[in-house]
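Here is how the chains run, residue by residue.
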Amino acid sequence: GAGVSQSPSNKVTEKGKDVELRCDPISGHTALYWYRQRLGQGLEFLIYFQGNSAPDKSGLPSDRFSAERTGESVSTLTIQRTQQEDSAVYLCASSRGATDTQYFGPGTRLTVL
Amino acid sequence: KQEVTQIPAALSVPEGENLVLNCSFTDSAIYNLQWFRQDPGKGLTSLLLIQSSQREQTSGRLNASLDKSSGRSTLYIAASQPGDSATYLCAVRVTGANNLFFGTGTRLTVIP
């Protein structure tokens, strides 16, 4: 596709519910990244995919967070039993290779009430 | 852990001025450094990427420099325009790491 897309653009959920966030990377990009940006803070790395494998999950803040990637394309970030501190903009990025320029999607703004 | 700092946090300039944004990082073992702009409600747009072996990169009115030994990078914007108003983020990839370490950004306002 022309760029990285993410859905939904906005998600409001109640504390304790599960949410799924989707990322469609640029076609042919083997590397995919998830980041989180809390209000007034910098971007925090969550997880990195190379192909369908996730060799680096070091940024996932708790076991409530998980992600998968299929077909070396779409990725889904799942947050179980959401908490208010999970409220943030979740950004996805992809790159042709692991060390190339990262291209970002518009993000999903998650609000946990 | 790599720490990335951007100063100032916010900057307002009149249209037409040249300006410099600063970025500093604590670990000089970087693979590359990337400058992004972020517009409200939108994702990040990559502006310039400097490899660790390079000293600067230019794109149009933008020029980014890198001094790895001192842990500094600057983004120079010439002849600023109101359309340049955005938050500018500096991000560093550390050698051997997969992710980018981001600064908290400089919010630039160019006044017509």
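Note that the structure is a prediction, hence the values are computed from the model and not measured. (Residues numbered from 1 in each chain as written. Chains lettered and ligands numbered in written order. Predicted model: local features only at pLDDT ≥ 70, side-chain atom pairs only at ≥ 80, totals over all residues. Heavy atoms only, no water.)

Colleague: Please clarify how the overall build of chain B should be interpreted in this entry.
Modeller: In terms of regular secondary structure, chain B is built from 0 helices and 11 strands. Starting at the N terminus and walking to the C terminus, you meet the elements of chain B as β-β-β-β-β-β-β-β-β-β-β. Radius of gyration (C-alpha) of chain B: 13 Å, near the 13 Å computed for a compact globule of 112 residues. Each principal axis of the C-alpha atoms in chain B carries an extent, and together these give about 45 × 30 × 20 Å. Here the contacts in chain B between residues at least 6 apart in sequence split such that 55% fall between residues at least 24 apart. A total of about 5,200 Å² of accessible surface is found on chain B, and carbon and sulfur atoms cover 48% of it. If you average the places of the 9 positive and of the 8 negative side-chain charges in chain B, the two averages end up 6 Å apart. (Helix = DSSP H or I, 4+ residues; strand = E, 2+ residues; numbered from the N terminus. Rg over C-alpha atoms; globule rule 2.2 N^0.38 Å. Contact = heavy atoms within 4.5 Å. Areas by Shrake-Rupley, 256 points an atom, 1.4 Å probe, with all protein chains shown as cover. Lys, Arg positive; Asp, Glu negative; His and termini not counted. Charge placed at Lys NZ, Arg CZ, Asp CG, Glu CD.)

Colleague: Any chance you could explain the sheet that holds strand E1 (residues 5-7) of chain A here in plain terms?
Modeller: Paired through backbone hydrogen bonds, the strands of a sheet run either parallel or antiparallel to each other. Residues and elements named next belong to chain A. The strand order across the open sheet formed by 4 strands is E1-E3-E8-E7, and the pairing between neighbours is antiparallel. Two strands lie at the open edges of the sheet, namely E1 and strand E7 (65-69), each paired on one side alone. Within this sheet the neighbouring strands show an average axis-to-axis angle of 15 degrees, counted without direction. Examined bridge by bridge, E1 and strand E3 (residues 19-24) share 3 bridges and lie antiparallel to one another. Bridging from a neighbouring strand, Gln6 pairs with Cys23 of E3. (Pairing = 2+ DSSP bridges. Axes fitted to C-alpha atoms, helices over the stretch in contact; angles between N-to-C directions.)

Colleague: I tried to follow the nonpolar core on my own but got confused; where do I start?
Modeller: It is characteristic of soluble globular proteins that their nonpolar side chains tend to be buried jointly. Ranked by size, the top nonpolar core spans 25 residues in total, and within it Leu33(B), Trp35(B), Leu75(B) and Tyr88(B) carry the most contacts. Put simply, the parts of the chain that give this core at least two residues each are strand E3 (19-25), strand E4 (30-38), strand E5 (44-51), strand E7 (62-67), strand E8 (72-77), strand E9 (86-94) and strand E11 (106-111) of chain B. Top contributing element to this core by residue count: E9(B), with 5 residues. Once residues within four sequence positions are removed from consideration, Leu33(B) is found in contact with Cys23(B), Phe25(B), Leu48(B), Leu49(B), Ile50(B), Leu66(B), Ser73(B), Cys90(B), Ala91(B) and Val92(B). One finds Leu21(A), Ile47(A), Phe65(A) and Leu110(A) within the second-largest nonpolar core, a separate group that totals 19 residues. (Core = buried A, V, L, I, M, F, W, Y, C linked by side-chain atoms within 4.5 Å. Buried < 20%, exposed > 50% of the residue type's maximum accessible area, 1.4 Å probe, protein only.)

Colleague: Honestly, the interface of chain A and chain B in this entry has me stumped. Any pointers?
Modeller: Accessible area lost during the coming together of the parts is what is often quoted as the interface size. Facing 18 residues of chain A, the contacting portion of chain B comprises 19 residues. A buried area of about 1,400 Å², summed over both sides, lies between chain A and chain B, and 54% of it is on carbon and sulfur atoms. Interface area lost by chain A to chain B is led by Leu43(A), Thr99(A) and Phe104(A), which between them contribute 32%. Taken together, the links from chain A to chain B amount to 6 residue pairs in polar contact (both at pLDDT 80 or more). Elements with a minimum of two residues in the side of chain A that touches chain B: strand E4 (31-37) and strand E5 (43-50) of chain A. When grouped by side-chain class, the residues that make up the side of chain A that touches chain B number 9 nonpolar, 7 polar and 2 charged. (Buried area = accessible area lost by both parts, 1.4 Å probe. Polar contact = N/O pair within 3.5 Å; in protein donor to acceptor, adjacent residues only side chain to side chain. Nonpolar A, V, L, I, M, F, W, Y, C, P; charged D, E, K, R; others polar.)

Colleague: So what exactly am I meant to see when it comes to unusual backbone geometry here?
Modeller: Most peptide bonds take the trans configuration, and most residues that are not glycine carry a negative phi. The linkage connecting Ser7(A) with the following residue, Pro8(A), adopts the cis geometry, with an omega of -10 degrees. Cis peptide bonds are those with omega within 30 degrees of zero, and the linkage from Ile7(B) to Pro8(B) qualifies with 0 degrees. With respect to the helices and strands, the residue Pro8(B) is situated in the loop between strand E1 (4-7) and strand E2 (10-14). Residue Ala79(B) is not a glycine yet carries a positive backbone phi of 45 degrees. Relative to the elements of secondary structure, Ala79(B) occurs in the loop between E8 and E9.

Colleague: Explain the side chain of Arg93(B) to me, please; I cannot follow it from the model alone.
Modeller: Turning to its location among the elements, Arg93(B) is positioned in strand E9. Despite its burial, Arg93(B) pairs with no opposite charge; the closest candidate is Asp100(A), at 8.0 Å N-O. A distance of 2.7 Å separates the side chain of Arg93(B) from the backbone oxygen of Ala98(A), its partner in a polar contact. Reaching out from Arg93(B), the side chain makes a polar contact with the backbone oxygen of Ala97(B) at a distance of 3.4 Å. Beyond its immediate stretch of four places on either side in the chain, Arg93(B) contacts Tyr33(A), Ala98(A), Thr99(A), Asp100(A), Gln102(A), Ile30(B), Tyr31(B), Asn32(B), Asn98(B), Asn99(B) and Leu100(B). (Salt bridge = Lys/Arg side-chain N within 4 Å of Asp/Glu carboxyl O.)

Colleague: I'm lost on the environment of Gln51(B) in this one. Help?
Modeller: Residue and element names in this part refer to chain B. Relative to the elements of secondary structure, Gln51 occurs in strand E5. Taking the relative accessible area as the measure of exposure, Gln51 reaches 28% and is therefore partly exposed. Look past the residues within four positions of Gln51 in its chain and what remains in contact with it is Tyr31, Asn32 and Leu66.

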